[in-house]
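A look at the structure
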Amino acid sequence: MNAPDNAALAVIKQHLIDPEVCIRCNTCEETCPVDAITHDSRNYVVNADICNACNACISPCPTGSIDHWRTVAKAQAYTLEEQLGWDELPAEKPLPAGAADIAVDAGTGAVATGGVPSASVANAAAASAEAPQANAATSPSSTTAPWSAAHPYLHLYSLKKPVTATVAGNFRLTSANVDNDVRHIVLDLGTQFMPLLEGQSVGVLPPGVDANGKPHYLRMYSVASPRTGEREGYNNLSLTVKRVTHDHDGRATVGVASNFLCDLKKGDTVQLTGPFGASFLMPNHPGSNLLMVCTGTGSAPMRAMTEHRRRLKEAERAVAGDVARGVVKGDSGRVTGGKLMLFFGARTPEELPYFGPLTKLPPELMDTTLAFSRVPGQPRAYVQDRIRERARDVAELLRGDTFVYLCGLKGMETGVLEALQEACSLAGLHWPAVHQRMVEEGRFHVETY
Ligand code: NAP
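In this report, the structure presented in the accompanying data block is examined. Just so it is clear, the model here is predicted, and its values are computed rather than measured.

Let's shift gears to the pattern of salt bridges. Throughout the structure, instances matching the rule amount to 23 salt bridges. Salt-bridge contacts for arginine 243 lead to aspartate 181; the nearest nitrogen and oxygen are separated by 2.9 Å. One end of the pair, arginine 243, is in the loop between β11 (236-242) and α5 (256-262); the other, aspartate 181, is in the loop between β7 (163-172) and β8 (182-188), and 62 residues separate them in sequence. Each member of the pair, arginine 243 together with aspartate 181, is buried. Between glutamate 422 and arginine 388 there is a salt bridge, with the nearest N and O atoms lying 2.7 Å from each other. Here glutamate 422 is found in helix α10 (residues 412-426), whereas its partner arginine 388 is found in helix α8 (residues 383-389), with 34 residues between them in sequence. One network of salt bridges, in which partners are shared, links Arg172, Asp181, Arg183, Arg243 and Asp263.

Quick look at the structure:
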């Protein structure tokens, strides 16, 4: 009798990226240590001949679109060309007869027979089934939410079944005399169920098709409103959107989703998917501090978190007033406490989203430090420069029950991490240990593009 042809029947867990959820941020391609991930103008894809299922790309992915696996015969693994043509992931396909008994490592080709997968096949399968664990050595960001965060709703609406929101308002946040057009867009959900927490995102489906005649893929935007909505008592949300007129290399371009959103009029409709995001969430327990660092439109989640705390404080004050006047019995209903500290960078005050409302917030609610990089006659300042100037206060906060949020330009990550490290060492704190502990405890969240 002939021995089975192991090479033909070997089975792998093929690593795939979900094109319906991927926001094309390039994080996976940058992270992959073996260069197995590549992309064209449409999709990010994984080369099954190179991927070794090391999982380094899993936790940095902001959407979870990276964490998909299909059991396939190695000889029938999906090619790059096939993946580049996908609008959605394929269903699991049946294995060829006899293949189920032979497993092979993704990448290494090591074969295990008799239905017992080799260690790394088993690891890859286990990793895909569980939430990825934080790894401070490879990722500076927590992959778990703060322990006291509210439970988020996820993926209620998909590409195939989006929810329709109606534009309730579209307001320019930047001065009329600057080119930078950033908008605050309020979307009403009517009676449709889409609860959102501060730090979560929604997908926007721009209408129309791309140059290849395919529907535009979704773009993700962080929600700028708190869980109680942009306006309390209304089922609505807000987004912070910058009109994209140039690509990363400075060439003139028209950003599909951003221009669609920035041009919306009251009464227009928008197709949304989501909610997305299960870790970049705020703590709910009294006394928890927030240290927020953002640039430009990265301010969206910070605005949501700050507004949530502001409303809680208002409610707290009202309860305290009622207690003092004897209207209700009990304690003063302390629900918040904790400090808010914000470092916010923009080119000029005229280009800083929410500049007006932000500067009106009382200092007892939030300790705000702004950094402007292009004010004529002034030296360029970035958020990391301001963190250095406030090193003592920052380190004091990092010693306590503090949750860090970093959102905005990818380029600021390194500078901000270095500034935090310096602040810690000036205060006698060992940054690698502080950072690792915060990452593991769901207290260090990064969302940069
Ligand atoms: P921007 O106006 O281009 O930049 C904001 C500020 O950051 C400027 O002062 C800029 O200075 C400065 N900056 C540039 N490089 C820096 C660095 N290496 N370190 C520190 N600061 C630096 O910002 P934007 O266009 O609004 O971009 C915001 C980013 O947030 C985008 O990448 C966006 O995708 C991302 N984001 C947006 C949302 C959302 O919901 N809208 C959510 C999450 C993330 P100079 O230009 O003068 O050098």
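Back to the write-up after that little detour.
A word on α10. Taking 1.5 Å as the rise per residue, α10 with 15 residues should run 21 Å; its terminal C-alpha atoms sit 21 Å apart, in good agreement. Where α10 is concerned, the buried positions are Met412, Glu413, Gly415, Val416, Leu417, Ala419, Leu420, Ala423 and Cys424. Directly after α10, the chain includes glycine 428, whose backbone phi takes a positive value near 80°.

If you trace the 5 strands from one edge of the open sheet to the other, you get β15-β14-β13-β16-β17, paired in parallel fashion. Where the open sheet ends on each side, the last strands, each with one partner, are β15 (367-372) and β17 (444-448). Between one strand axis and the next, the sheet turns through 10° on average, direction left out of account. For strand β16 (residues 402-408) and β17, the ladder comprises 5 bridges, and the chain directions are parallel. Residue tyrosine 405 lies in a different strand from β17, and its bridge partner there is histidine 445. In the packing of helix α9 (residues 391-399) onto the sheet, the strands contacted are β13 (289-295), β14 (340-346) and β16, and the crossing angle to β13 comes to about 130°.

It is worth spelling out the site of the ligand at this point. Close to the ligand lie 22 residues, the nearest being Thr240, Lys242, Ser373, Arg374 and Tyr382. Here an oxygen atom of the ligand and a backbone polar atom of tyrosine 449 are 2.9 Å apart. Of all the elements in the fold, those that place two or more residues in the shell around the ligand are β10 (219-222), β11, β14 and β16. Within the shell around the ligand, the residues separate by chemical class into 8 nonpolar, 11 polar and 3 charged. When residues are assigned to domains, the shell around the ligand turns out to be shared by domain 2 (163-276) and domain 3 (289-448), each giving three or more.

On inspection of all chains with the given rule, the structure shows 5 aromatic pairs. Residues tyrosine 153 and phenylalanine 193 carry aromatic rings whose centres are separated by 5.1 Å and whose planes lie at 90° to one another, so their mutual orientation is edge-to-face. Placement of the pair is tyrosine 153 in the loop between α4 (119-129) and β7 and phenylalanine 193 in the loop between β8 and β9 (201-205), with a sequence separation of 40 residues. For tyrosine 153, a relative accessible area of 41% gives the class partly exposed. Classification of phenylalanine 193 as partly exposed rests on a relative accessible area of 46%. Between phenylalanine 280 and tyrosine 405, the ring centres sit 5.2 Å apart and the planes meet at 65°, which makes this aromatic pair edge-to-face. Of this pair, phenylalanine 280 sits in the loop between β12 (269-276) and β13 while tyrosine 405 sits in strand β16; the two residues are 125 residues apart in sequence, bridging distant segments of the chain. Exposure remark for phenylalanine 280: the relative accessible area of 5% places this residue in the buried category. The exposure class of tyrosine 405 is buried, given its relative accessible area of 0%. The lysine or arginine in question, lysine 93, covers the ring of tyrosine 78, its NZ or CZ lying 4.2 Å from the ring centre.

As a packed pair, α9 and α10 sit with axes 8 Å apart at the nearest point and diverge in direction by 85°. Overall, the two elements α9 and α10 adopt an arrangement that is roughly perpendicular. Contacts between α9 and α10 involve Ala391, Val394, Ala395 and Leu398 from the former and Leu420, Ala423, Cys424 and Leu426 from the latter.

This part covers unusual backbone geometry. Of the consecutive residues glycine 274 and proline 275, the connecting peptide bond is found in the cis state with omega at -5°. One can find proline 275 in strand β12. Positive phi values are uncommon outside glycine, yet alanine 53 reaches one of about 55°. Mapped onto the fold, alanine 53 is located in the loop between β3 (44-46) and β4 (68-73). Taking relative accessible area as the criterion, alanine 53 reaches 12% and is therefore assigned buried. At asparagine 55, a position not held by glycine, the phi torsion is positive, near 70°. Locating asparagine 55 in the fold gives a position in the loop between β3 and β4.

The rules behind each value
Residues numbered from 1 in each chain as written. Predicted model: local features only at pLDDT ≥ 70, side-chain atom pairs only at ≥ 80, totals over all residues. Heavy atoms only, no water. Salt bridge = Lys/Arg side-chain N within 4 Å of Asp/Glu carboxyl O. Helix = DSSP H or I, 4+ residues; strand = E, 2+ residues; numbered from the N terminus. Buried < 20%, exposed > 50% of the residue type's maximum accessible area, 1.4 Å probe, protein only. Expected span 1.5 Å × (residues − 1). Pairing = 2+ DSSP bridges. Axes fitted to C-alpha atoms, helices over the stretch in contact; angles between N-to-C directions. Contact = heavy atoms within 4.5 Å. Near = heavy atom within 4 Å. Polar contact = N/O pair within 3.5 Å; in protein donor to acceptor, adjacent residues only side chain to side chain. Nonpolar A, V, L, I, M, F, W, Y, C, P; charged D, E, K, R; others polar. Domains from an automatic or database assignment. Phe/Tyr/Trp six-rings, centres within 6.5 Å; stacked < 30°, edge-to-face > 60°. Lys NZ or Arg CZ within 6 Å of the ring centre and 35° of its normal. Parallel < 35°, antiparallel > 145°, perpendicular 65-115°, else oblique.

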